[in-house]
Amino acid sequence: NGGGEAITAAHAALAARDYRTAATCFAAAIALRHDDADAHLGLGLTCARQDMDEDAADSFQMAAHFAPDRAEPHYRLALLAQKSGDLAAALSHAGRALDLRADYADAHNLFGACALAAGDSRRAAESFARAVELMPENARFHSNLGYVLLRDLGDFERGAAHLETALQLDGGDIAIRCNYC
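First, a word on what this report is: a plain description of the structure on this page. (Residues numbered from 1 in each chain as written. Predicted model: local features only at pLDDT ≥ 70, side-chain atom pairs only at ≥ 80, totals over all residues. Heavy atoms only, no water.)

Focus on the overall build of the protein
Under the convention used in this document: Only DSSP runs of H or I covering at least 4 residues are called helices, and only runs of E covering at least 2 are called strands; the numbering of each starts at the N terminus. Burial status follows relative accessibility: with a 1.4 Å probe on protein chains alone, a residue under 20% of its type maximum counts as buried, one over 50% as exposed, and anything between as partly exposed. By definition in these notes, contact holds between two residues if any of their heavy atoms fall within 4.5 Å. Shrake-Rupley sampling with a 1.4 Å probe provides the accessible areas, and residues are treated as covered by the protein chains on show and by no other component.
When helices and strands are tallied, the protein shows 11 helices and 0 strands. Beginning at the N terminus, the succession of helices and strands in the protein can be written as α-α-α-α-α-α-α-α-α-α-α. Considered along the principal axes of its C-alpha atoms, the protein spans approximately 55 × 30 × 25 Å. Classification of the 181 residues of the protein by burial places 43% in the buried group. Intrachain contacts of the protein at a sequence separation of at least 6 include 43% that bridge at least 24 residues. Accessible surface, the protein: about 9300 Å² in total, of which carbon and sulfur atoms supply 50%.

Structural data, given as structure tokens:
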């Protein structure tokens, strides 16, 4: 299977940060099978890692089109929308990712971050709490939840507990330390 070999080579190149080779291999896989959602997703990741956001978005849109039941393309589109400041699109794509996969902890965390940026602290806290529930070992998720509980919702006891947990899990992370201060 030439497409499968190209995808394998592309992922290896992507892991090695050889973006030119990765892009070439993903494009070869797409040339062999235009509806290969994995190849479109991989090409999108390759573009995103090079800050080629429009190309990345095009590839993630294709991946979503050819694999409508997969959450990751929507999550990746949400990340790009958040990066560009389009919170409505970010919330929409993150919400779609969660509709497709309710156990997607990173998507819950992203939805929470976008809700917080949009001024909806309660929805942010709910999303961060779900992310923590799904991945209790993730320091960032605890930090985000603790931050919104303390800063916006006045739940000092629970907020402090989540920030303490975040520090215990990864006290070296600057963002976590800043949330704690």
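The rest of the description comes next.
So, the side chain of S143
Its location among the elements puts S143 in helix α9 (residues 139-151). Beyond its immediate stretch of four places on either side in the chain, S143 contacts H162, L163, A166, A175, I176 and N179.

Quick look at the environment of E72
By the secondary structure assignment, E72 is in helix α5 (residues 72-84). If near-sequence neighbours (up to four positions away) are discounted, E72 is found in contact with L41 and Y104.

Observations concerning the pattern of salt bridges
Note the cut-off: Salt bridges are counted wherever a side-chain nitrogen of Lys or Arg sits within 4 Å of a carboxyl oxygen of Asp or Glu.
All told, the structure shown has 11 salt bridges when counted by the stated rule. Where K83 meets D51, a salt bridge forms, and the shortest distance between an N and an O atom there is 2.8 Å. Residue K83 is located in helix α5, and its partner D51 is located in the loop between α3 (37-48) and α4 (53-66); the two are separated by 32 residues in the primary sequence. Residue class for K83 comes out partly exposed when judged on its relative accessible area of 49%. Its salt-bridge partner being D155, residue R158 comes within 3.6 Å of it at the nearest N-O pair. One salt-bridge network, held together by shared partners, links D51, D53 and K83.

Notes on the packing of helix α7 (residues 105-117) against α9
As a reminder, the rule being used: Every axis in this analysis is a line fitted to C-alpha atoms, fitted for helices over the stretch in contact. Angles between the N-to-C directions lie between 0 and 180 degrees. By definition in this entry, angles of less than 35 degrees are roughly parallel, angles greater than 145 are roughly antiparallel, angles of 65 to 115 are roughly perpendicular, and the rest are oblique. If you view the pair so one helix is near and one far, a crossing is left-handed when the near helix is turned anticlockwise from the far one by less than a right angle, and right-handed when it is turned clockwise.
Between α7 and α9, whose axes approach to 11 Å, the crossing angle comes to 30 degrees. In terms of orientation, α7 and α9 fall into the roughly parallel class. Crossing handedness for the pair α7 and α9: left-handed. Facing α7, whose interface residues are A105, D106, N109 and L116, α9 presents F141, N144, Y147, V148 and R151.

What about the environment of D86?
Looking at the element boundaries, D86 is found in the loop between α5 and α6 (87-100). The exposure class assigned to D86 is partly exposed, which follows from its relative accessible area of 38%. Separated by 16 residues in the primary sequence, D86 and R70 place their C-alpha atoms 22 Å from one another.

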